[in-house]
Amino acid sequence: QVQLVESGGGLVQAGGSLRLSCAASGRTFSSYNMGWFRQAPGKEREFVAGITWTGGTTSFADSVKGRFSISRDNAKNTVYLQMNSLKLEDTAVYYCAAARTYSTVVGKRQYEYDYWGQGTQVTVSS
């Protein structure tokens, strides 16, 4: 069992930056692929970014490419989402997710992930 706790959300002006963190419990964090998803009001949850268990492969939604980056620190059981040049449309609840897999391919669908955090709100204002 893995528990995930997101932090770092908040209110930021358009063009600003935020870094989200996701702290995982358990000793097997390094064997999980990790992903970030988001859900805006009235919309479905969507993939934002992901990173494989080795950290060797990352993947991003087209809408955030070039603005967001993802990284992990297995010693700290933490995955990060660095968000730069934020836009109004980035406003959403951001969720961290963990997938029990040794795949070198980043999953982009919710069913590929086994554990989820409670989410952290990111609000981008004009």
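Note: the structure precedes this text.
Residues numbered from 1 in each chain as written. Predicted model: local features only at pLDDT ≥ 70, side-chain atom pairs only at ≥ 80, totals over all residues. Heavy atoms only, no water.

**Considerations on the pattern of salt bridges**
Our working definition: Whenever Lys or Arg places a side-chain nitrogen within 4 Å of a carboxyl oxygen from Asp or Glu, that contact is recorded as a salt bridge. Three exposure classes are used, based on accessible area relative to the maximum for each residue type with a 1.4 Å probe and protein chains only: buried under 20%, partly exposed in between, and exposed over 50%.
Evaluated as defined, the whole model comprises five salt bridges. The partner of Asp62 in a salt bridge is Lys65, and the shortest N-O contact between them spans 3.1 Å. Judged by its relative accessible area of 65%, Asp62 is exposed. Where salt bridges share partners, they join Arg38, Glu46, Arg67 and Asp90 into one cluster.

**Description of the side chain of Ser59**
Note the cut-off: The helix and strand labels rest on DSSP assignments: H or I over at least four residues marks a helix, E over at least two residues marks a strand, and numbering proceeds from the N terminus. Pairing of N or O atoms within 3.5 Å defines a polar contact, subject to two protein rules: one partner must be a possible hydrogen donor and the other a possible acceptor, and residues neighboring in sequence count only if both atoms are side-chain atoms. Whether two residues are in contact is decided by their heavy atoms, any of which lying within 4.5 Å being enough.
Relative to the helices and strands, Ser59 is located in strand β6 (residues 58-60). The class of Ser59 is buried, set by a relative accessible area of 14%. Among the polar contacts made by the side chain of Ser59, one reaches the side chain of Lys108 at a distance of 3.4 Å. Once residues lying within four places of it in the same chain are set aside, the contact partners of Ser59 are Phe47, Val48, Ala49, Gly50, Val106 and Lys108.

**Section: the sheet that holds strand β1 (residues 4-7)**
Formally: Strand pairing follows a simple DSSP-based rule, namely that at least 2 bridges must link the two strands. Think of each axis as a best-fit line through the C-alpha atoms, taken over the contacting stretch in the case of a helix, with angles from 0 to 180 degrees between the N-to-C directions.
Taken in spatial order, the four strands of this open sheet run β1-β3-β8-β7, and their pairing is antiparallel. Both edges of this open sheet fall to β1 and β7 (68-73), since each of them pairs with a single strand only. Neighbour to neighbour, the strand axes of the sheet diverge by 15° on average, direction disregarded. The sheet contact formed by β7 and strand β8 (residues 78-83) spans six bridges and is antiparallel. By the bridge assignment for β8, Ser69 is matched with Gln82.

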